[in-house]
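Each chain, letter by letter, is given below.
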Amino acid sequence: MSGSSPAARLQQLFEGRRLTPTQRRIAHSMVRRAGDVPFLSSVELAELAGVSQPSVTRFAVALGFDGYPALRKHLREVAPAEPASVAGGGDDVYNEYQQAVLGEIENLRHLAELLADPGPVERAGRLLAASRPLLVLGLRAASSQARGFGYFAAKVHPDVRVLDEGGSMLRDRIDAARRAGGSALICFALPRYPKEVVDALAYAQEQGMTVVSVADSAFAPVAKYSDLLIPAAVGTGLAFDTACAPMLLGRVLLEAMCDDLPDAQAWLEEFDARAARGLFVE
């Protein structure tokens with residue numbers, strides 16, 4: 001643990017905790033600014049996360065500490081780092097739009113750090129490549145992630161079925177895929193998490209399917225119903241969350257899946273040949 005980054009050590013502190021949406025927002029902010037957090041007051045952390053100061057206190061208690069001072073003392077012991085910038089410091093020169101972009105860059109850095117161990121992604125690639133058909137689930141905020149993944153996956157995988165709408169037919173489509181031989185489902189889960197997504201994953205597991213999830217953190221509600229979860233943080237600096245890291249992780253998983261599909265390259269070359277005959281405007 002001592003050799004891991006401050007962000008990774010913070011992530012371990014939060015894993016397995018049942019946190020409210022507000023508490024998850026605080027946790028995400030702490031991970032993004034892991035080097036600064038041990039030096040911030042509860043008021044500064046509240047401003048960073050966009051929550052109230054009492055919410056920060058309740059968050060510390062939810063983690064098992066007497067209050068925020070005890071949590072900060074613990075952070076200074078387990079995740080020491082020189083402050084890159086403190087609240088009210090260097091960030092003052094950036095407007096809110098720039099800060100949102102910089103926050104996403106930091107999320108991508110965390111993803112790159114996570115991918116230093118390619119094992120989970122490679123395992124996911126094998127599971128997804130072997131499933132016929134392959135289910136891709138993503139509802140509400142995550143529906144665009146599911147559709148994007150499904151669009152590209154269909155170019156190299158013989159049977160991809162995107163589930164981007166909830167409702168009473170969701171279980172029927174999982175049943176149909178299972179009867180057809182499907183063995184795996186990949187889920188994109190982003191805040192706020194629809195109850196239908198959690199229910200669908202639980203049902204898919206009951207039917208014997210392996211669930212691979214891309215979620216914004218390892219302690220997302222879908223973790224309980226995922227056989228393999230790979231986290232990629234979302235940005236919370238704007239009115240609506242941004243999801244650059246989850247999208248990029250989806251492309252990484254596509255790459256890993258292609259590595260386990262022997263016909264993938266031939267299919268891509270065939271598509272390029274068709275596209276050269278006027279499909280796209282150059």
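Right above here is the structure, for reference.
Note that this is a predicted model, so its numbers are computed, not measured.

Re the overall build of the chain
Helix and strand counts for the chain stand at twelve helices and five strands. Considering only C-alpha atoms, the chain reaches an extent of 60 × 45 × 35 Å along its principal axes. Residues counted as buried form 45% of the 282 residues belonging to the chain. Contacts in the chain between residues far apart in sequence, at least 24 positions, make up 70% of those at least 6 positions apart. Of the accessible surface of the chain, which amounts to about 14,100 Å², a share of 53% is contributed by carbon and sulfur atoms. With 29 positive and 34 negative side-chain charges, the chain shows a separation of 6 Å between the mean positions of the two kinds.

A short note on the pattern of salt bridges
Opposite charge on two side chains permits pairing when their charged atoms draw close. One pass over the full model with this rule turns up six salt bridges. The salt bridge partner of glutamate 77 is lysine 73, with a shortest N-O separation of 2.8 Å. Of this pair, glutamate 77 and lysine 73 both sit in helix α5 (residues 68-78), separated by four residues, roughly a single helical turn. A salt bridge links aspartate 164 to arginine 147; its shortest N-O distance comes to 3.3 Å. One end of the pair, aspartate 164, is in the loop between β2 (160-163) and α9 (169-179); the other, arginine 147, is in helix α8 (residues 143-153), with 17 residues separating them in the sequence. For arginine 147, a relative accessible area of 43% corresponds to the partly exposed category.

Considering the packing of helix α6 (residues 96-114) against helix α11 (residues 244-259)
The geometry of α6 relative to α11 is characterised by a closest axis approach of 9 Å and an angle of 35° between their N-to-C directions. In this structure, α6 crosses over α11, and the sense of that crossing is right-handed. Each of Glu104, Asn107, Leu108 and Leu111 in α6 lies in contact with α11, whose residues at this interface are Cys244, Ala245, Leu248 and Leu249. Split by residue class, the contact of α6 with α11 holds six nonpolar, one polar and one charged.

Thoughts on the pairing of strand β4 (residues 210-215)
Here is the key point about a regular strand: its side chains alternate between the two faces of the sheet. The buried fraction of β4 is high, at five of six residues. In this sheet, β4 lies alongside strand β3 (residues 184-189) in parallel orientation, the contact comprising six bridges. Bridge pairing in β4 links leucine 185 to valine 211. In terms of handedness, the path from β3 via helix α10 (residues 195-206) over to β4 forms a crossover that is right-handed.

Brief notes about a negative patch on the surface
Where like charges cluster on the molecular surface, the negative patch consists of Asp117, Glu122, Glu255, Asp259 and Asp260. With respect to the helices and strands, glutamate 255 occurs in helix α11. On the accessibility criterion, glutamate 255 (51% relative accessible area) is exposed.

So, the state of the cysteines
As used here, a disulfide is simply a covalent bond connecting the sulfur atoms of two cysteines. As enumerated under the stated definition, the model contains zero disulfides in all. As a non-bridged cysteine, cysteine 244 has cysteine 187 as the owner of its nearest cysteine sulfur, 19 Å distant. Assessed through its relative accessible area of 35%, cysteine 244 is described here as partly exposed.

Details of unusual backbone geometry
The linkage connecting arginine 132 with the following residue, proline 133, adopts the cis geometry, with an omega of 0°. With an omega dihedral of -10°, the bond running from proline 191 to arginine 192 counts as a cis peptide bond. With respect to the helices and strands, arginine 192 occurs in the loop between β3 and α10. Its identity is not glycine, yet arginine 140 carries a phi of approximately 50°, on the positive side. By the element assignment, arginine 140 lies in the loop between β1 (134-137) and α8.

Some details on the packing of helix α2 (residues 21-32) against helix α4 (residues 53-62)
It is the contact of α2 with α4, at a shortest axis distance of 10 Å, that shows an interaxial angle of 85°. Comparing the axis directions of α2 and α4 gives the class roughly perpendicular. Counted together, Thr22, Gln23, Ile26, Ala27 and Met30 of α2 and Ser55, Val56, Arg58, Phe59 and Ala62 of α4 form the full contact between these two elements. Looking at the contact of α2 with α4 residue by residue, the class counts come to six nonpolar, three polar and one charged.

A look at the environment of glycine 182
Relative to the elements of secondary structure, glycine 182 occurs in the loop between α9 and β3. Residue glycine 182 is classed as buried on the basis of its relative accessible area of 0%. Along the sequence, glycine 182 and glycine 208 sit 26 residues apart, while their C-alpha atoms lie 9.6 Å from each other. Those residues in contact with glycine 182 that lie beyond four places of it in its chain are Ser131, Arg132, Pro133, Ala177 and Met209.

Quick notes on the rules
- Residue positions are counted from 1 within each chain, in the order its sequence is given.
- With pLDDT at 70 or above as the cut-off, local features in this predicted model cover only qualifying residues; side-chain atom pairs require 80 or more to be listed or tallied, and sums for whole chains, interfaces and linings still use all residues.
- Computation of side-chain values: all heavy atoms of the structure, hydrogens and water removed.
- Runs of H or I in DSSP of at least four residues are treated as helices and runs of E of at least two as strands, each being numbered from the N terminus.
- A 1.4 Å probe rolled over the protein chains alone gives each residue an accessible area, and that area as a share of the maximum for its type sets the label: buried under 20%, exposed over 50%, partly exposed in between.
- Contact between two residues is taken to exist if any of their heavy atoms lie within 4.5 Å; hydrogens are not considered.
- Note on areas: these come from Shrake-Rupley sampling with a 1.4 Å probe, and a residue is covered only by the protein chains present in the view.
- Residues counted as positive are Lys and Arg, residues counted as negative are Asp and Glu, and His and the chain ends are not counted.
- Positions of charges follow a simple convention, taking NZ of Lys, CZ of Arg, CG of Asp or CD of Glu.
- Salt bridge, as applied in this entry: a Lys or Arg side-chain nitrogen positioned within 4 Å of an Asp or Glu carboxyl oxygen.
- For helices, the fitted line uses only the C-alpha atoms of the stretch in contact; every axis is such a line through C-alpha atoms, and the angle between N-to-C directions lies from 0 to 180 degrees.
- Two helices crossing with the near one rotated counterclockwise from the far one by less than a right angle form a left-handed crossing, whereas a clockwise rotation gives a right-handed crossing.
- Classification used: nonpolar for Ala, Val, Leu, Ile, Met, Phe, Trp, Tyr, Cys and Pro, charged for Asp, Glu, Lys and Arg, polar for all others including Gly.
- Two strands form a pair only when DSSP identifies at least two bridges running between them.
- The path from the first strand over the helix to the second decides the hand: if it runs clockwise while the strands point away from the viewer, the crossover is right-handed.
- Exposure above 30% relative accessible area and the lack of any salt bridge qualify a residue for a patch; like charges then connect within 9 Å, and the nonpolar side chains Val, Leu, Ile, Met, Phe, Trp and Tyr within 5 Å.
- In what follows, a disulfide is any cysteine sulfur pair within 2.5 Å.
- For classification purposes, an angle smaller than 35 degrees is called roughly parallel, one larger than 145 roughly antiparallel, one from 65 to 115 roughly perpendicular, and anything else oblique.

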